[in-house]
Amino acid sequence: MWSGYFNNTDHRTDLNGVDRLIVRRGQPFTIKLHLGSGSAHQQGLSSLTCTAETGPSPSDQYGTRAVFNVADDAASLDSGFGWHAALSSPPLGDVVTLSIRPAADAPIGRYTLTLGGAGHFEFILLFNPWRRCVSERRGSLDEYILSQDGIIFRGNLDLILPFSWNFGQFESGILDICLKILDTNPKYLRNPGKDCSGRRNAIYVSRVLSAMVNCNDDHGVLLGRWQDPYDGGKSPMYWTGSVDILLNWDSSSCSPVCFGQCWVNSDLVLERYFDQNNRNVGKEMIWNYHCWVESWMTRPDLKPDFGGWQVMDPTPQEKSEGVYCCGPVPVKAIKQGELLNKYDAPFVFAEVNADAVTYIRQEDGSRRKIISTTIVGQKISTKGVGVDRREDITHLYKYSEGSEEERESFRKANHLNKLLNRQEQQGLRLDIKVSKEMRKGCDFDVFAVVSNSTAGRKTCRLLFSSIAVSYTGVLKENCGFKDLLNVELDPGAERRVPLRLNYSKYCDAITEDNLIRLAAMTIDGSTQETVLALRDIVLENPEIKVRILGEPKKNRKLAAEITVQNPLPVPLSNCCFTIEGANLTGGKTLTQSLPTPVQPGEEAKVKIYFKPNHSGLRKLGVNFSSNKLCHVKGYKNVIIGN
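Now for a look at the structure at hand. Only a predicted model underlies this, so the values are computations on that prediction, with no experimental measurement involved.

1. Side note on the overall build of the protein
- Along its length, the protein carries 13 helices and 34 strands.
- Considering only C-alpha atoms, the protein reaches an extent of 105 × 60 × 40 Å along its principal axes.
- Taking all 642 residues of the protein together, 48% fall into the buried category.
- Long-range pairs, those at least 24 residues apart, make up 64% of the contacts in the protein with a sequence separation of at least 6.
- Split by element, the accessible area of the protein, about 29,600 Å² in all, is 49% carbon and sulfur.
- Across the protein, the centroid of the 76 positively charged side chains sits 2 Å from that of the 73 negatively charged ones.

2. Re the nonpolar core
- Grouped together as the largest cluster of nonpolar side chains are 55 residues, with contacts concentrated most on Leu501, Tyr506, Ile516, Ile537, Ile562, Phe577 and Phe624.
- Grouped together as the second largest cluster of nonpolar side chains are 25 residues, Phe68, Ala85, Leu87 and Phe121 included.

3. Some words on the environment of Ala493
- Along the polypeptide, Ala493 turns up in the loop between β24 (475-489) and β25 (494-501).
- Look at Ala493 and you get partly exposed, because its relative accessible area is 23%.
- Distance in space between the C-alpha atoms of Ala493 and Thr454 is 9.4 Å, their sequence separation being 39 residues.

4. Section: the sheet that holds strand β32 (residues 603-610)
- Within the open sheet, the three strands sit side by side as β28-β29-β32. Their pairing is antiparallel. Every other strand in the sheet has two partners, leaving β28 (544-549) and β32 as the edge strands with one partner each. Strand-to-strand twist of the sheet, defined as the mean angle between neighbouring strand axes without regard to direction, takes the value 20°.
- Pairing geometry for β28 and strand β29 (residues 558-565), over six bridges, is antiparallel. Each residue of the ladder has a partner; that of Ile544, found in β29, is Val564.

5. Focus on the packing of aromatic side chains
- All told, the structure shown has 15 aromatic pairs when counted by the stated rule.
- The interplanar angle of 45° and the centroid separation of 6.2 Å between the aromatic rings of Phe121 and Phe123 together place this pair among those described as tilted.
- In this structure an aromatic cluster arises from ring pairing among Phe29, Phe68, Trp83, Tyr111, Phe121 and Phe123.
- Sitting over the ring of Tyr343, Arg207 keeps its end group 4.0 Å from the ring centre.
- Geometry around Phe447 places Arg496 over its ring, the cationic atom sitting 4.3 Å from the centre.

6. Considering the sheet that holds strand β21 (residues 428-434)
- Overall, antiparallel pairing links the three strands, which are arranged β21-β22-β25 in an open sheet. On the outer flanks of this sheet lie β21 and β25, each paired with one strand and no other. Averaged over all neighbouring strand pairs, the angle between strand axes comes to 20°, with direction disregarded.
- In terms of strand pairing, strand β22 (residues 444-452) meets β25 through eight bridges, oriented antiparallel. Bridge pairing in β25 places Phe444 opposite Leu501.

7. Focus on helix α9 (residues 345-353)
- Along α9, eight of the nine residues are buried, which leaves the element largely enclosed by surrounding structure.
- Taken together, the buried positions of α9 are occupied by Ala345, Phe347, Val348, Phe349, Ala350, Glu351, Val352 and Asn353.

8. A few points about helix α2 (residues 138-146)
- What α2 keeps buried is the set Ser140, Leu141 and Glu143. Angular distribution of buried residues about the axis of α2 spans 160°; they occupy a single face of the element.
- In this fold, the buried residues of α2 make contact with β19 (381-383).

9. A word on the side chain of Thr315
- Of note, Thr315 is situated in the loop between β15 (308-312) and β16 (329-330).
- According to the relative accessible area criterion, Thr315 is buried, its value standing at 7%.
- There is a polar contact of 2.9 Å between the side chain of Thr315 and the side chain of Asp313.

Rules and cut-offs
- Residues numbered from 1 in each chain as written.
- Predicted model: local features only at pLDDT ≥ 70, side-chain atom pairs only at ≥ 80, totals over all residues.
- Heavy atoms only, no water.
- Helix = DSSP H or I, 4+ residues; strand = E, 2+ residues; numbered from the N terminus.
- Buried < 20%, exposed > 50% of the residue type's maximum accessible area, 1.4 Å probe, protein only.
- Contact = heavy atoms within 4.5 Å.
- Areas by Shrake-Rupley, 256 points an atom, 1.4 Å probe, with all protein chains shown as cover.
- Lys, Arg positive; Asp, Glu negative; His and termini not counted.
- Charge placed at Lys NZ, Arg CZ, Asp CG, Glu CD.
- Core = buried A, V, L, I, M, F, W, Y, C linked by side-chain atoms within 4.5 Å.
- Pairing = 2+ DSSP bridges.
- Axes fitted to C-alpha atoms, helices over the stretch in contact; angles between N-to-C directions.
- Phe/Tyr/Trp six-rings, centres within 6.5 Å; stacked < 30°, edge-to-face > 60°.
- Lys NZ or Arg CZ within 6 Å of the ring centre and 35° of its normal.
- Arc of directions from axis to C-beta.
- Polar contact = N/O pair within 3.5 Å; in protein donor to acceptor, adjacent residues only side chain to side chain.

Below you can see the structure in the form of structure tokens.
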């Protein structure tokens, strides 16, 4: 007999429930063994053998089967790293209390523990990040492992927007689905014993999971798609958490869920081509946003100082050792340009350090390099520990621009091209300025600012364009264009040229990403030197307001009153609100639609009822969609009492 409440709480797994035993490596758990009527255990005289097994064919060869005896001295639990069992208190009649310590390097997964001839029981074994944790990092572990929600930061350099994400790792059925993902991976299907043995290693498990998130070469979780139509599935912007995705995958017999995004290529040098009319005519794209995962682990396969945070990217378009996965690779190796370290360091280095080189394609087919100001890999962000603020971690991936350390990092990575291409703009300078507020539904101005840094008078041609773009860099329809043939500038003078962006023009052009790319180009009338400035802008959605009605208590019905105002000059139809939150909505996405259109300037308002099943601080994620205004997201922190 075992106590799920005591053991699971002690092992910090009680949020998964206490109806079954879920424990962590290298940490003892306690069971009570009933030997049967008339039986008794005598210390020093009786012996009891335990057998722990995992996988479909447990074996000593693969380390998926361990046999060990019960010691009389509980102090022995503190020594060694293997499986161990000891009496935790003197026997009481036919009842023996045992402490069992799984090996610190045992494979994770489902186990059966057989206790001599006295019976057997099943349990789940997980990694144990608390085993060697120093006290000052325990708060971080509560955030990284026990927190069931987080924040993803999207947008661009000028407007970084927070979106809540429901991890929901403790929701009913999610742990079992995660174990099922491991049992569905191709390595397991080819050789279950070897795969289960590999699960002792966090490096191995992370590579398996990285491959299984995408479905490029297996029965992975998500199918990628980057533009309409999303027939047969949901837009990647629809999702507000992992629970719904995993439940969909599980209920569809491991068929990929439609759809996801964030697949990328790796190139250290990106070549972009524009024609002489300021139109992008190349195929290479720089993504406005990308998301990846970091995990903390030791790296005994690398240099001693390369343990710690590791990058994993489950969405590559290139194979790693024959499989579509990426990482883990030390963040420190990326910063230092140490690209020979496992796994896939060149790929991740390119994600944050790629150099954009821009060319003008002439009418005769020749190309001419021009000055551009695009920088890749800025504002690398994560959620702060214990707060909802954005933490900028760019400095962990890159040295400061122009520093000696950066030069050394690029030299190691054979990326001298980036250093060689840094140059001061001579002659005409070009920049793009924007209005303070650029809200979807409004008309507003953007500005090309041309300045003459020479001692002589300058005349140039200015082309200023705006075009809808997806976050993956795919160009859509034109939103506005201006071509001034003779812009005259005195020495040291500056000219500010406006371009009006009207809702009537951009409304049907923009994608659900709300992105518009501005491109300004000057051609010097005397030297023909061409300067290009690019800037992506994000149109802000209206604020979505959430109010909790009722006293927030465990197992008490509450209502979320959600309001959003229509900022567009046209009615909104097919209006729909959804909410989702770990331990708030029962592992489901709750939906409510409006029966009538919402007129311009009017508010769309609903009440959606939910019942929390756990106390503590929780995040309720909300989303609003309609025919003209999609994926308006927000969240509300809710403290649930007992």
